[in-house]
Amino acid sequence: MTKQPEELALLAESGRLLASVFGMLDRLSLAGMSTLEVDEMVERFIVHDLDARPASKGQYGYGFVLNCSVNDVVCHGVPSAAEVLRDGDIVNFDITLEKNGYIADSSKTYLVGEVHPAARRLVQTSYEAMWMGIRTVRPGARLGDIGWAIERHAKRNGYSVVREYCGHGIGREMHEEPQILHFGKPGTGLALREGMVFTIEPMLNRGRRSVRTEADGWTVVTQDGSLSAQFEHTVAVTASGVSVLTLRAEERDMMSRMKLVA
């Protein structure tokens, strides 16, 4: 469950490369692009520019490089040439990358063009909730502390937290132990130890937390049709706290303000 220093170094390299994928996406004008176009662009970037492997493609029989979850899609949205991003959409891109046998996992919700203030607020709160969970991570903390911090922030802002999907340990395999719930009670659950690596990836809904899976067997949507947003980072427990392995360039100042390890 815990990783050795040489493994942590390899995971950090995978995380650094994955962060650069989002840097590439940040430069795109998404309005008018199909989600399949984005998928193909990300695949080319990972394979040809980064000399790495898109770890989601082929995992569990999935045929694409990323999940693209638009508006009321909670997670696992499937790229499609028919799904064109429009002004006012929100879209989460969830991407995994493997380099030298080790996998990093991260996601970011993008605002497409001019987005309604209510949708913008949901996205911002989801981002904050992820960081509320991250800042609790340190040796001796409990898994319940992470979930409690996330759920408390969501509820204070009027949002619900999806319970069917969770974060997970990660390393040579995409999904390892432990499971990281995004709700919980402080002081409960497994104690964190230096060298543990896992994802924190809360999904917040504007409406109720209930979800359903569509007929394709992948796409998960809100039961009531409300908007959903998600952010995700891969983190490692360090001797002094936490290191965010998939940290993006624009987030480094935030890490410093929060006194976390970049």
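Whatever comes next refers back to the structure up there.
Residues numbered from 1 in each chain as written. Predicted model: local features only at pLDDT ≥ 70, side-chain atom pairs only at ≥ 80, totals over all residues. Heavy atoms only, no water.

## Observations regarding the overall build of the chain
No. 1: Looking only at helices and strands, one finds 5 helices and 15 strands in the chain.
No. 2: Here the C-alpha atoms of the chain give a radius of gyration of 17 Å, agreeing with the 18 Å that 2.2 N^0.38 yields for 262 residues.
No. 3: On the principal axes, the C-alpha backbone points of the chain span a range of 45 × 45 × 35 Å.
No. 4: Counting all 262 residues of the chain, 54% fall into the buried class.
No. 5: When contacts within the chain are restricted to residue pairs at least 6 apart in sequence, those whose partners lie at least 24 apart make up 69%.
No. 6: About 11,200 Å² of surface is accessible on the chain, with carbon and sulfur atoms providing 48% of the total.
No. 7: Separation between the mean location of the 29 positive side-chain charges and that of the 34 negative ones in the chain comes to 8 Å. (Helix = DSSP H or I, 4+ residues; strand = E, 2+ residues; numbered from the N terminus. Rg over C-alpha atoms; globule rule 2.2 N^0.38 Å. Buried < 20%, exposed > 50% of the residue type's maximum accessible area, 1.4 Å probe, protein only. Contact = heavy atoms within 4.5 Å. Areas by Shrake-Rupley, 256 points an atom, 1.4 Å probe, with all protein chains shown as cover. Lys, Arg positive; Asp, Glu negative; His and termini not counted. Charge placed at Lys NZ, Arg CZ, Asp CG, Glu CD.)

## Considerations on the pairing of strand 9 (residues 197-200)
No. 1: Of the two faces of strand 9, the one lined by V197 and T199 and the one lined by F198 and I200 are each fully buried.
No. 2: Pairing of strand 9 with strand 14 (residues 233-237), which is carried by 4 bridges, proceeds in the antiparallel orientation. Considered in strand 14, the bridge of T199 is made with T234. (Pairing = 2+ DSSP bridges.)

## Notes on the side chain of H153
No. 1: Checked against the element boundaries, H153 lands in helix 4 (residues 143-156).
No. 2: When near neighbours in sequence (up to four residues on either side) are disregarded, H153 contacts T125, E128, A129 and M132.

## Overview of the sheet that holds strand 11 (residues 211-213)
No. 1: If you trace the 3 strands from one edge of the open sheet to the other, you get 3-12-11, paired in antiparallel fashion. Unpaired on one side and paired on the other, strand 3 (73-75) and strand 11 mark the two borders of the sheet. Across this sheet, the average inter-strand angle for adjacent strands is 40°, counted without regard to direction.
No. 2: Two strands pair when backbone bridges link them, and strand 11 and strand 12 (residues 220-222) are joined in this way by 3 bridges, in the antiparallel orientation. The partner of V211 across the bridge, within strand 12, is T222. (Axes fitted to C-alpha atoms, helices over the stretch in contact; angles between N-to-C directions.)

## Notes on the sheet that holds strand 6 (residues 160-161)
No. 1: Across the sheet, which stays open at both edges, the 3 strands sit in the order 6-10-13 with antiparallel pairing between neighbours. The sheet is open, and its two edges are formed by strand 6 and strand 13 (228-230), each paired on a single side.
No. 2: Two elements, strand 10 (residues 203-205) and strand 13, share 3 bridges in a ladder whose sense is antiparallel. Directly across from M203, in strand 13, lies its bridge partner Q230.

## Let's talk about helix 4
No. 1: Helix length check: helix 4, at 14 residues, gives a terminal C-alpha distance of 20 Å against a target of 20 Å (1.5 Å per residue), a fit within 8%.
No. 2: Buried residues dominate helix 4, accounting for 10 of its 14 residues.
No. 3: Three or more residues of helix 4 are buried, namely L143, G144, D145, I146, G147, A149, I150, E151, H153 and A154.
No. 4: In this structure, the buried side of helix 4 is in contact with helix 3 (117-134), strand 6, strand 8 (176-180), strand 9 and strand 10.
No. 5: G158 sits one or two positions beyond helix 4 and adopts a positive phi of about 90°. (Expected span 1.5 Å × (residues − 1).)

## Some thoughts on the pattern of salt bridges
No. 1: Scanning all chains against the criterion turns up 11 salt bridges.
No. 2: Ionic pairing is found between E250 and R248, a salt bridge with its closest N-O pair at 3.2 Å.
No. 3: Among the residues examined, E250 registers a relative accessible area of 47% and is labelled partly exposed.
No. 4: Taken together, the shared-partner salt bridges connect D26, K108, R248, E250 and E251 into one network. (Salt bridge = Lys/Arg side-chain N within 4 Å of Asp/Glu carboxyl O.)

## Comments concerning the packing of helix 1 (residues 5-26) against helix 2 (residues 35-49)
No. 1: At a minimum axis distance of 11 Å, the contact between helix 1 and helix 2 shows a crossing angle of 135°. Considering their axes alone, helix 1 and helix 2 lie oblique with respect to each other. Relative to helix 2, the crossing made by helix 1 is right-handed. Of the residues in helix 2, those in contact with S20, V21, M24 and L25 of helix 1 are V38, M41, V42, F45 and I46.
No. 2: A per-class count over the contact of helix 1 with helix 2 returns 8 nonpolar, 1 polar and no charged. (Parallel < 35°, antiparallel > 145°, perpendicular 65-115°, else oblique. Left-handed = near helix turned anticlockwise from the far one by under 90°. Nonpolar A, V, L, I, M, F, W, Y, C, P; charged D, E, K, R; others polar.)

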